[in-house]
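Geometric and topological summary
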Protein chains: 2
Amino acid sequence: MDLSQKMVDLGRKSSKIREIFEYSKRRKAEIGAENVFDFSIGNPSVPAPKAVEETMRRLLAEQDPVLLHGYTAAAGDPEVRRKLAAAINRDYDADARGELMYLTCGAAASLTISLNALVVPGDEVIVFAPFFPEYRVFAEQAGARLVVVPSRPADFQPDYEALERSVTPRTKAVIINSPNNPTGVIIPASGLSRLAALLRAREEEYGKRIYLIADEPYRKLVWTGEEVPYPTRYYDDTLVCYSFSKAASLPGERIGYILVSSAMKNAADVYAAICGAGRALGFVCAPSLLQFTMAECADETADFSIYRKNRDILLRELTRIGYEVIPPDGAFYLFMKALEPDADAFYERARKYELLLVPSDSFGCPGYVRIAYCVTTEQIRRAIPAFEKLYEEYQK
Amino acid sequence: MDLSQKMVDLGRKSSKIREIFEYSKRRKAEIGAENVFDFSIGNPSVPAPKAVEETMRRLLAEQDPVLLHGYTAAAGDPEVRRKLAAAINRDYDADARGELMYLTCGAAASLTISLNALVVPGDEVIVFAPFFPEYRVFAEQAGARLVVVPSRPADFQPDYEALERSVTPRTKAVIINSPNNPTGVIIPASGLSRLAALLRAREEEYGKRIYLIADEPYRKLVWTGEEVPYPTRYYDDTLVCYSFSKAASLPGERIGYILVSSAMKNAADVYAAICGAGRALGFVCAPSLLQFTMAECADETADFSIYRKNRDILLRELTRIGYEVIPPDGAFYLFMKALEPDADAFYERARKYELLLVPSDSFGCPGYVRIAYCVTTEQIRRAIPAFEKLYEEYQK
């Protein structure tokens, strides 16, 4: 074969989200950007915190460029890791250690490196539907089979009974994503406890490790009083995958980390495997300017008040119109039931009203659409009549 | 298995270079940094060009942060790619196209993405010894078998007769690295022509594509009149892997690209596979601030006068003392024959004089050491007596 057909397909069959993104560009050119209500992309729309910008400028002005732009240790500058671990411990009363933190080029890299570190042929990786579609790409590239476990239809929490039936001696890891993309649902402490007890029991039964991979780019985007419990406090065999993309509005800069729980018995081995996987995949180090910047700005978040306002308006108005929605506790997505069983058909109909929503099939949970509300409030307000007309069309 | 032992080993058995780096740190703490002559690491020691720093500061001050730090297209911002392609065409009279350029997190990522895009099980990837040791890690991780072809001992140019015997129907790609790490040797136009003719003949014979992967992070570091011919002008099935790390002294920032030759018949497929591989490995986009910066600074290079001076002093003095060295045309490495057949033993003896040189075994070419001269000229001058004593020890 002249090249990897699998990779050609992955490059060509871009995700549904990207397909909509391309449609959106064309449509905006045709009828004007303000007339297209694009809710398809999770691209933060608020600027990075002022402190982040100022820290970058200050470092550029004051630091020795040879150090500022030089190779750091592959796992990231040790002092940066120490500071980021300290911030975690302060915020969540955890036992994060810099020497068990590996800085990455963002959440996707955190996941691919973790999966490549852990997975051996024959392994299974469990996700809960609805799930971020790239989980499948990442897990399969690492050599695992993706096993999809449903959520409970009532509240979109993981279905623990279904999980119980799905964990097998082949299970290498379970990925959770809280607050969730696409539902915005947060797994509460009680849920994490139940999940931890279940996995611990199976670890003992099978005499092997089952890792919890907590993908948490939305940890700091929370709209209700709901807390996002810190997963290492519930389960020892946890890897926390974090990214500053969403919290600090820096998605293009690619900066995040993997944190191996210090309570994990084989933490040193797992950390070594993460270093090995980062090396083999071609991640030399996370971007150095961003490393040094985030060490100073670990707690800085963008101004989320717009997201919260958008969420509140959408939740109120869509409910008023008659739509069935999952009230999101966090992240900047709202999961809404399609008005017909085929979410793709619903997506097509919505497009007639210039509403670009993401059908949920690729999230492993048919019959819904995802609405990304990290947009201007103006767009939200102008889109409400379109949502109304779409609803009316289905009442005829 | 609890995790991937292969990855644990890769993480633990860090490269010889990193092992020396760790020794160097300890030793410097013991006897003072100025007394350790560390020639082990290819970390640029001159600052990034002023224009690069100024452009970063200007972009931070003037650009909308939502755009500056936002996701770009996965392949990189289209306008950035257009500008970088134009710079290549201006400099090398090539036919680079932005739509066949894929921006990456540096040279390592350029290589892993290219290899994962091309390689299918059973494939072989050819390198010429001495070669950058990570080529083995990257090729094997992509699923290929690494086939090592020697260079000619006289001039360290690829041994084309040996290559002729090593290309098989399983050959997927040949990696070249010019100027070379660790020898500094440049492959001249005549060499590239011969290589291209050989590969074209085998492509026809086997009825399949054989790709040339040109790893070129040192393209702009040239000390003699020697030209570095642009490989797409010689062979259609070429992928150029570039990084700004060395030329612009930005190794920590992770910015580079893959350029697919516009003359490649299946360029669109190969480019799609590169997009797919980038996606599957978890590279969402190259760091956005660096993308926009390098679009403005494509031609900027750090002040290489120190490297050139260091090279000249080392070459003159080591030859004077009696060492046998390969005069480097480019890069910032000098390849020197060890004074005994076992380069590791020679490395140990050199250490007694606080000289840290990298034994060449991991480069696939035993009996030599690599001297990275991207250091201060002061270190070069102070190290000469140590080289003298080391040489004398072998004359007893």
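Residues numbered from 1 in each chain as written. Chains lettered and ligands numbered in written order. Predicted model: local features only at pLDDT ≥ 70, side-chain atom pairs only at ≥ 80, totals over all residues.

What to know about the domain arrangement of chain A
Accessible area lost during the coming together of the parts is what is often quoted as the interface size. All names here are of chain A. When its domains are assigned, chain A resolves into domain 1 (5-48 + 303-395) and domain 2 (50-296). Between the C-alpha centres of domain 1 and domain 2 the distance comes to 27 Å. Counting residues at the interface gives 27 residues for domain 1 and 29 residues for domain 2. Counting residues per element, the ones that place at least two in the side of domain 1 that touches domain 2 are α12 (305-321) and β10 (333-337). For the side of domain 1 that touches domain 2, the residue count by class is 16 nonpolar, seven polar and four charged. (Domains from an automatic or database assignment. Contact = placed C-beta atoms within 7 Å. Helix = DSSP H or I, 4+ residues; strand = E, 2+ residues; numbered from the N terminus. Nonpolar A, V, L, I, M, F, W, Y, C, P; charged D, E, K, R; others polar.)

Concerning helix α9 (residues 189-206) of chain A
Residue and element names in this part refer to chain A. The end-to-end C-alpha distance of α9 is 25 Å, a good match for the 26 Å that 18 residues give at a rise of 1.5 Å each. Residues Leu192, Leu195 and Leu199 constitute the buried set of α9. The arc that holds the buried residues of α9, viewed along the axis, is 65°, so those residues lie on one side. Turned more than 90 degrees from where α9 packs its buried face, Ser190, Glu204 and Glu205 sit exposed. At its buried positions, α9 is contacted by α8 (160-166), β5 (171-177) and β6 (211-215). A positive phi of about 60° marks Gly207, the residue just after α9. (Expected span 1.5 Å × (residues − 1). Buried ≥ 20, exposed ≤ 12 C-beta atoms within 10 Å, placed from the backbone. Arc of directions from axis to C-beta.)

Considering unusual backbone geometry
Geometrically, the link from Ala129(A) to Pro130(A) is a cis peptide bond, its omega value of -5° lying close to zero. Note on placement: Pro130(A) falls in the loop between β3 (124-128) and α7 (134-141). Put simply, Ser178(A) and Pro179(A) share a cis peptide bond, and its omega is -5°. Among the structural elements, Pro179(A) can be located in the loop between β5 and α9. At Asp93(B), a residue that is not glycine, the phi angle is positive and equals roughly 50°. Look at Asp93(B) and you get exposed, because 9 C-beta atoms sit within 10 Å. The residue Phe156(B) is not glycine, and still its phi comes out positive at about 60°. Of note, Phe156(B) is situated in the loop between β4 (145-149) and α8 (160-166). When the 22 C-beta atoms within 10 Å are taken as the criterion, Phe156(B) is described as buried.

A word on the sheet that holds β5(A)
Residues and elements named next belong to chain A. The strand order across the open sheet built from seven strands is β2-β8-β7-β6-β5-β3-β4, with neighbouring strands paired in mixed fashion. At either margin of the open sheet sits one strand with a lone partner, and together these are β2 (101-104) and β4 (145-149). The mean angle between the axes of side-by-side strands here comes to 20°, regardless of whether they run parallel or antiparallel. Judged from the four bridges that link them, β2 and strand β8 (residues 256-260) form a sheet pairing that is antiparallel. (Pairing = 2+ DSSP bridges. Axes fitted to C-alpha atoms, helices over the stretch in contact; angles between N-to-C directions.)

Observations concerning the relation of the copies chain A and chain B
Rotating chain A by 180° about the axis while translating it 0.0 Å along that axis superimposes it on chain B, leaving an RMSD of 0.0 Å. This pairing of chains is accounted for by a two-fold axis. Rotation axis and chain A: the residue whose C-alpha lies nearest the axis is Arg57(A), separated from it by 3.0 Å. Most of the interface of chain A is mirrored in chain B, where 100% of its interface residues again form contacts. (Least-squares fit on C-alpha atoms with pLDDT ≥ 70 in both.)

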